[in-house]
Amino acid sequence: MRMSRGEGGASDRWGKSSFEDVYRRPDPRPYFTRLAPLRYQIPHHAQPVFRHALAARATAHPGAPVTVVDLCCSYGINAALLNHHVTLRDLYDRYTGPDTTGLSTEELLASDKEFYAARRRADAVPVVGVDASPEAVAYAVAVGLLDAAFAENLETAPAGEALNEALASAALITVTGGLSYIGPRTFDAVLTPNRRTAWVTAFAVRPTDYRPVADVLRRHGLTTGTSARTYRQRRFTDAAEHQRTLARLQAAGLDPNGKEADGYYHAALHESRPGNGFSPAPSGPARHPGP
């Protein structure tokens, strides 16, 4: 789910460079081609975290079905990594490599349906996607990555009836990279129709202030814990974006040394669950994927 951010080299309200153009294409090849040089990698770090959260949710509610709602889902990347025997590097290789370069969108769609079906995990769960780009979610549904998808922007309009029905049974809400563009309004809209006290696992780039979101989640019965560790998201697009981010970090009282000072956006992990004093499970060492 992306709010309008302009085109080309423009920046959003937080000073991040715009990638609006790659989300309006009929297939994900421009997305991966644009992000490959920037070593965009947060879905790679989220893959084991989301699987751990799913396992914990299943343990806490044995026998109950688990449906994931992925916010800002774009082309279904998180669903691909969650439910299939693939890595983010596999996806970069596929969508930027010679095997798919010459295919039409229709040919790629047919190939992708076979590609993901052959790699579907036995423990795959239903995933509902929400994103402002109708092109991206349509592709993700067509190739079987998303069980349902909604091209809606909950920052600017209430959820439609069909989306509210899907949200009612959600057990886990996930998001990577979208917390610069969605906030308390979206999370309130997502959790208000929910009947199962869905857990929330979210990555937010620093220095995005997650406290307003955590306040909304608290009103819905969730306690938020934030990991002390951070995760690389992507390289800065240019020196101007780097300097804007360093200035924002300084204004927020955050230390960029060993993190953003080295040329990468870093994201914090926030996990919200029922109960008091929840804190995220410790994470292992980061292993960075390609490309």
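For the structure, see preceding data.
The rules behind these values
Residues numbered from 1 in each chain as written. Predicted model: local features only at pLDDT ≥ 70, side-chain atom pairs only at ≥ 80, totals over all residues. Heavy atoms only, no water. Phe/Tyr/Trp six-rings, centres within 6.5 Å; stacked < 30°, edge-to-face > 60°. Buried < 20%, exposed > 50% of the residue type's maximum accessible area, 1.4 Å probe, protein only. Helix = DSSP H or I, 4+ residues; strand = E, 2+ residues; numbered from the N terminus. Lys NZ or Arg CZ within 6 Å of the ring centre and 35° of its normal. Core = buried A, V, L, I, M, F, W, Y, C linked by side-chain atoms within 4.5 Å. Contact = heavy atoms within 4.5 Å. Axes fitted to C-alpha atoms, helices over the stretch in contact; angles between N-to-C directions. Parallel < 35°, antiparallel > 145°, perpendicular 65-115°, else oblique. Left-handed = near helix turned anticlockwise from the far one by under 90°. Disulfide = S-S within 2.5 Å.

**Q** How do you make sense of the packing of aromatic side chains when you look at a structure like this?
**A** Aromatic rings considered in pairs are described by the distance between their centres and by the relative angle of their planes. Summed over the entire model, instances satisfying the criterion amount to 10 aromatic pairs. On the numbers, 5.6 Å between centres and 70° between planes, the contact of Tyr23 with Tyr31 is edge-to-face. Using a relative accessible area of 11% as the deciding quantity, one classes Tyr23 as buried. Taken together, a centroid distance of 6.1 Å and an interplanar angle of 65° make the contact between Phe50 and Phe203 edge-to-face. Residue Phe50 is located in helix α2 (residues 42–60), and its partner Phe203 is located in strand β5 (residues 199–205); the two are separated by 153 residues in the primary sequence. With a relative accessible area of 4%, Phe50 lands in the buried category. By relative accessible area, Phe203 is classed as buried at 0%. Its end group placed over the ring of Phe115, Arg94 keeps NZ or CZ at 4.2 Å from the ring centre. Residue placement shows Arg232 over the ring face of Tyr264; its charged tip is 3.9 Å from the ring centre.

**Q** What exactly am I supposed to notice about the nonpolar core here?
**A** Soluble globular proteins: nonpolar side chains tend toward being buried together. Counting 52 residues, the largest nonpolar core has Tyr31, Phe32, Ile77, Leu91, Tyr116 and Phe203 as the members making the most contacts within it. Considering each element in turn, this core owes the most residues, 7 residues, to α2. The contact partners of Leu91, leaving out residues within four places of it in the chain, are Phe32, Ile77, Ala80, Leu81, Val86, Phe115 and Tyr116. Core analysis: the next-biggest nonpolar cluster, separate from the first, contains 29 residues, Val69, Leu71, Ala166 and Leu179 among them.

**Q** Mind showing me how you'd approach the packing of helix α4 (residues 88–96) against helix α6 (residues 105–118) here?
**A** Geometrically, a packed helix pair is captured by the angle between its two axes and the distance between the axes. Packing of α4 against α6 leaves a shortest axis separation of 13 Å and a crossing angle of 155°. Classed by the angle they form, the pair α4 and α6 counts as roughly antiparallel. The interaxial crossing formed by α4 with α6 has right-handed handedness. Between α4, through Leu91, Arg94 and Tyr95, and α6, the contact on the second element is made entirely by Leu108, Ser111, Asp112, Phe115 and Tyr116.

**Q** Got a minute to help me understand the state of the cysteines in this structure?
**A** Enumeration over the complete set of coordinates arrives at 0 disulfides. Its sulfur unpaired, Cys72 is 8.1 Å from the next cysteine sulfur, which belongs to Cys73. By relative accessible area, which is 2% here, Cys73 ends up buried.

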